[in-house]
Amino acid sequence: MSKQPAPKPDEEQPRRPFRLRRLFAFGFAVILFVSLWPWGSYDPQDIARLDGGVPAAEIIHNCFGHLGARLSWGVLVIFGLAAYPLSVLLLAASARRLLSGRGMRPAGWDYWTALVLFLLGCCMLLGIWPDFLAGFTERLNLAQMPGGALGQRLSSPGSGWLRFFLNPTGTAIVSVFIIGGAIAILWVHDWHSLLVPYLFRRKDEDEESLGSRPLIRPEAAAAARKEPRERTQRDLLPEEPAPAAKAPAPPKPPEPAPAAKAERKEKPRPAAGGAPKEEAYTVPSLDLLEADDGVMTTADPKEVQHKTEILQETLGNFSIDAQVVKTTSGPRVTLFEVLPAPGVRVERISNISNNIAMELRAVSLRILTPIPGRNTVGIEVPNASAALVTMRSLMADSAWKSSKADIPVLLGRNIAGEVVVLDLGKAPHLLIAGATGSGKSVCINLLLMSLLYRFTPEELRMILVDPKVVEFACYESLPHLIVPVISDVKRVPLALRWVIREMKHRYDIMAKVNARNITVFNRRKPSPTPVYDDDGNLIPDRLPYIVVVIDELADIMMTAKADVETSLARIAQLSRAVGIHTIIATQRPSVNIITGVIKANFPTRIAFKVTSQVDSRTIIDGKGAESLLGQGDMLFKPPGAANMERNQGALVRDEEIERVVGFCASQAEQCFNDEVFKGGEEDAGGADDMGDTLGGDYVNGEVSDADEALVQQAIQVIRRDRRATTSYVQRALRIGYNRAATVMEILEQRGVIGPQIGQLPRDILIGEGGRDADADAEDEDEMDLDDPTGSP
């Protein structure tokens, strides 16, 4: 993500010409106002001169000649002194619409009705008192007619029919209400937007101008450049002071303590895979990260202002009564908040999304109708120039330094430019999906680097799964690893089964010390007497967190779907309390990969750019991800929230990862757990549904006596019920799907059942031996393709 220069507004986004009707309206208002001006322009004798009552040698005094004289005379005779507030109102409103149309509603029927009511109310009010401003009215040749002919007809003494029904007091009250209502309508159309931005502005935005927000304050950037090379762990974890560590010259790796496991048996359960005991281990410092290239800012305020005017005019072109009331700029996009008038359907705004994108020259738009929790519609427009978000700028922010989360990880910056920190302990599991090149792998690197900057190998352990081999190769020397980076997909089910066994073991030892979760367990007071688990192992004082990261779930699901899906579901359901968390990612967000079971157990999700709405709905149960910009632009569904947040991920360079991993590796040696890949035959769930295959001898064409008994049971079930499907045999014998599929292969080889042909049911080649005549019709209800990647 590179920072590109912003295009010049006058070259790429020329200002649109003002409407001629606004210019005509302003010209008419000027003519009316000047013509009525009683000191130097209007002369009541002008009309007499025009009608021949004054010698022709006299000139017309009105500034606009014959036109001004006749116009002013007609308006004054009909409306009286009400013509003056009307002319002032027309002049102000037309000037406002001509010079700055931003924040104004289209002039519809209600606008013109309000003008008429305002004029009518003024005439009625002035007509109540014929002697009001008697000297001035006589000068204008309007004696006893301050409300003009209209006011005299409605409310003057003797001839006013409204005065006859309401009396002077009632007529005045009605007139005031009419004037007040008309002014309120005109205010909403022309002037309220001058006040609305101040009402919507957040209290803490003291230094923010409209549409612009600095991502890093200048003083913070200067302090980062002048920062000394030596840092302590207290800089990153203020509540836990630690010895200083120099980043450029990593310390010599400490010698492993030979008696580190003297009090334990050879089985290293309590430390979750033999976590090494390092002395004076310090987390990496910010000096290992690339320095920022100065202060990074968001969109140019002039650009935001220009787009606001275009957006407001586009809404007016489609007769949508709505106002742009607020703008918020982030690293990649700017959010325009539009306030529809009462009665306006928000769907009308989303229906013209293509027109808005064309007018703004935007690559893509995302419209929120409405913004959750607000009474405005959100329109997210890409910035002309993207601001670079770096990992160092995120970690230098107070939101990261002062975070009290159990397992904090960085995600990037939100649409307001604020740092987003996720507590993986509350998540408690994370699903990441997006197309190739959308920023998914960079996001995982940011998560892993966040963990390395907060936890020592004794506090957190990892299992990294990398079917693509190259993604996690840079982390192979980490001392936090329980096992080497797993690239063989056949080993993934074994690793997940070990995680389940470790989860059950942790529950057992927590029950021994009456701890509800890992936080209570780690904070408990030391027991004066040793406490042992059921295997006779000494229960440790602390347990490390375990984070399992799977980079590409699709490759694993295609080879061992039943095993992986079931294991991930069990881990996600039960592991939060014992400090085990999972992060899975995929670039193929289809329903075959992100199944319903996985989605139900991974509520916290991140969606990067995808190619279709179908993929977006698969990830986040809604559209929006197809409109993202790529390169770290994401939609984040926080834990426990129903709404999406749009964030921009940070750039993590390979050189930064190498320096941080090398710094960690230089302080502690790796200590792997050999038990992770042992006990593959042991069922982690205590049942046969973990995907165990039929006896290992079948690979040579033979089966054991126990497996032969299972095959014979399957034959009896098929002969009795006349149903030859894998799922039915699985349910009838209560075995796993893979085992049932193997049984079906054996039965096909022995000629008990026919082959699977398309979607047709298998033929049953053995006699019925007693069966109901209606069973044949039920075979079609449970057709099975015997797909090795399918699920029961």
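Reference entry: report on the structure contained in this document. (Residues numbered from 1 in each chain as written. Predicted model: local features only at pLDDT ≥ 70, side-chain atom pairs only at ≥ 80, totals over all residues. Heavy atoms only, no water.)

Okay, the overall build of the chain next. On a plain count of helices and strands, the chain comes out with 28 helices and 15 strands. Across the chain, contacts joining residues at least 24 apart in sequence account for 71% of those joining residues at least 6 apart. When the accessible surface of the chain is totalled, it reaches about 37100 Å², and 55% of it is carbon and sulfur. (Helix = DSSP H or I, 4+ residues; strand = E, 2+ residues; numbered from the N terminus. Contact = heavy atoms within 4.5 Å. Areas by Shrake-Rupley, 256 points an atom, 1.4 Å probe, with all protein chains shown as cover.)

Now for unusual backbone geometry. Only a minority of non-glycine residues have a phi that is not negative, and only a minority of peptide bonds are not trans. Residue Thr-369 is joined to Pro-370 through a cis peptide bond whose omega torsion reads -5°. Of note in this structure, Asn-514 is not a glycine but carries a positive phi near 60°. If you trace the backbone, Asn-514 turns up in the loop between helix H19 (492–512) and helix H20 (518–523). Owing to a relative accessible area of 70%, Asn-514 belongs among the exposed residues under this scheme. One non-glycine residue, Gln-631, adopts positive backbone phi at about 55°. Among the structural elements, Gln-631 can be located in the loop between helix H23 (613–620) and strand E14 (633–637). (Buried < 20%, exposed > 50% of the residue type's maximum accessible area, 1.4 Å probe, protein only.)

Sheet strands pair by backbone hydrogen bonding; their relative direction is either parallel or antiparallel. Reading across the sheet, the 4 strands line up as E3-E4-E6-E5 and stay open at both edges, with antiparallel pairing between neighbours. Strand pairing shows two members of the sheet lacking a second neighbour, strand E3 (322–329) and strand E5 (366–368), which therefore form its edges. Across the sheet, the axes of successive neighbouring strands diverge by a mean angle of 20°, strand direction being ignored. Relative to strand E6 (residues 377–382), E5 runs antiparallel, the two being bridged by 3 bridges. Bridge pairing in E6 places Leu-368 opposite Gly-378. Along the sheet, helix H13 (residues 301–317) contacts E3, strand E4 (333–340) and E6; its crossing angle with E3, the most-contacted strand, is approximately 155°. (Pairing = 2+ DSSP bridges. Axes fitted to C-alpha atoms, helices over the stretch in contact; angles between N-to-C directions.)

On to helix H4 (residues 65–79). Given a rise of 1.5 Å per residue, 15 residues ought to cover 21 Å, and the 21 Å separating the end C-alpha atoms of H4 matches this to within 8%. Taken together, the buried residues of H4 touch helix H2 (20–36), helix H3 (45–50), helix H5 (83–99), helix H6 (109–127) and helix H8 (148–155). (Expected span 1.5 Å × (residues − 1).)

All right, on to a nonpolar patch on the surface then. Together, Trp-161, Phe-164, Phe-165, Leu-166 and Val-174 line one region of the surface with nonpolar side chains, adding up to about 560 Å² of accessible area. Mapping Leu-166 onto the fold places it in helix H9 (residues 161–190). (Patch = residues over 30% accessible without salt bridge, like charges linked within 9 Å, V, L, I, M, F, W, Y side chains within 5 Å. Salt bridge = Lys/Arg side-chain N within 4 Å of Asp/Glu carboxyl O.)

Before going further, it helps to spend a moment on the packing of aromatic side chains. Counted under the stated rule, the structure contains 5 aromatic pairs. With a centroid separation of 6.0 Å and 70° between ring planes, the pair formed by Phe-455 and Tyr-545 is classed as edge-to-face. Taken as a pair, Phe-455 in the loop between helix H18 (440–452) and strand E10 (460–465) and Tyr-545 in strand E11 (residues 545–550) lie far apart in primary sequence, 90 residues in all. Judged by relative accessible area, which is 12%, Tyr-545 ranks as buried. Between Phe-472 and Tyr-475, the ring centres sit 6.0 Å apart and the planes meet at 75°, which makes this aromatic pair edge-to-face. On the accessibility criterion, Phe-472 (1% relative accessible area) is buried. Tyr-475 sits in the buried class, given a relative accessible area of 0%. Sitting over the face of the ring of Phe-677, Arg-491 holds its NZ or CZ atom 4.3 Å from the ring centroid. (Phe/Tyr/Trp six-rings, centres within 6.5 Å; stacked < 30°, edge-to-face > 60°. Lys NZ or Arg CZ within 6 Å of the ring centre and 35° of its normal.)

In contact at an axis separation of 9 Å, helix H26 (residues 726–733) and helix H27 (residues 737–749) are set at 115° when each is read in the N-to-C sense. Considering the relative orientation of H26 and H27, their crossing is right-handed. Note on element contacts: H27 touches H26 through Tyr-737, Ala-740, Ala-741 and Met-744, opposite Thr-726, Val-729 and Gln-730. (Left-handed = near helix turned anticlockwise from the far one by under 90°.)

Another point: the pattern of salt bridges. Enumeration according to the criterion identifies 20 salt bridges in this entry. For Arg-605, the salt bridge identified is with Asp-621, shortest N-O distance 3.0 Å. Of this pair, Arg-605 sits in strand E13 (residues 604–607) while Asp-621 sits in the loop between H23 and E14; the two residues are 16 residues apart in sequence, bridging distant segments of the chain. Its relative accessible area of 5% is what places Arg-605 among the buried residues. For Asp-621, a relative accessible area of 46% gives the class partly exposed. A salt bridge links Asp-633 to Arg-646; its shortest N-O distance comes to 2.5 Å. Of this pair, Asp-633 sits in strand E14 while Arg-646 is found in strand E15 (residues 645–648), placing the two residues 13 residues apart along the sequence. For the pair Asp-633 and Arg-646, a shared accessibility class is recorded, and that class is buried. Each member of the salt-bridge network shares a partner with another, and the members are Arg-366, Glu-380, Asp-633 and Arg-646.

Turning our eyes to something else, we now look at the environment of Asp-533. Counting through the fold element by element, Asp-533 comes out in the loop between H20 and E11. By relative accessible area, Asp-533 is classed as buried at 10%. Remark: the alpha-carbon pair of Asp-533 and Met-510, spanning 23 residues in sequence, is separated by 9.5 Å. In contact with Asp-533, other than residues within four places in its own chain, are His-505, Ile-509 and Ile-539. Within the structure, Asp-533 has its side chain in polar contact with the backbone nitrogen of Gly-536 (distance 3.0 Å). A distance of 2.7 Å separates the side chain of Asp-533 from the backbone nitrogen of Asn-537, its partner in a polar contact. (Polar contact = N/O pair within 3.5 Å; in protein donor to acceptor, adjacent residues only side chain to side chain.)

A separate point is the pairing of strand E8 (residues 419–423). In terms of residue burial, E8 counts as a mostly covered element, since 4 of its 5 residues are buried. Pairing analysis gives 5 bridges linking strand E7 (residues 408–414) to E8, with the strands arranged antiparallel. Each residue of the ladder has a partner; that of Gly-412, found in E8, is Val-420. Linking two consecutive strands that pair antiparallel, namely E7 and E8, is a turn of 4 residues; a positive phi of about 85° is found at Gly-417 within it.

Attention now goes to the layout of surface pockets. In this structure, the largest pocket spans a volume of roughly 1100 Å³. Lining the largest pocket are 39 residues, with Arg-366, Ile-367, Leu-368, Pro-372 and Glu-380 positioned closest to its centre. For the lining of the largest pocket, the elements supplying multiple residues, two or more each, are E3, E4, helix H15 (353–360), E5, H23 and E15. Here the residues of the lining of the largest pocket sort into 15 nonpolar, 13 polar and 11 charged. (1 Å grid on protein atoms, 1.4 Å probe; cavity = no way out; pocket = protein on both sides within 12 Å on 5 of 7 lines; lining within 4 Å. Points joined across faces, edges and corners; volume = space filled by probe spheres on them. Nonpolar A, V, L, I, M, F, W, Y, C, P; charged D, E, K, R; others polar.)

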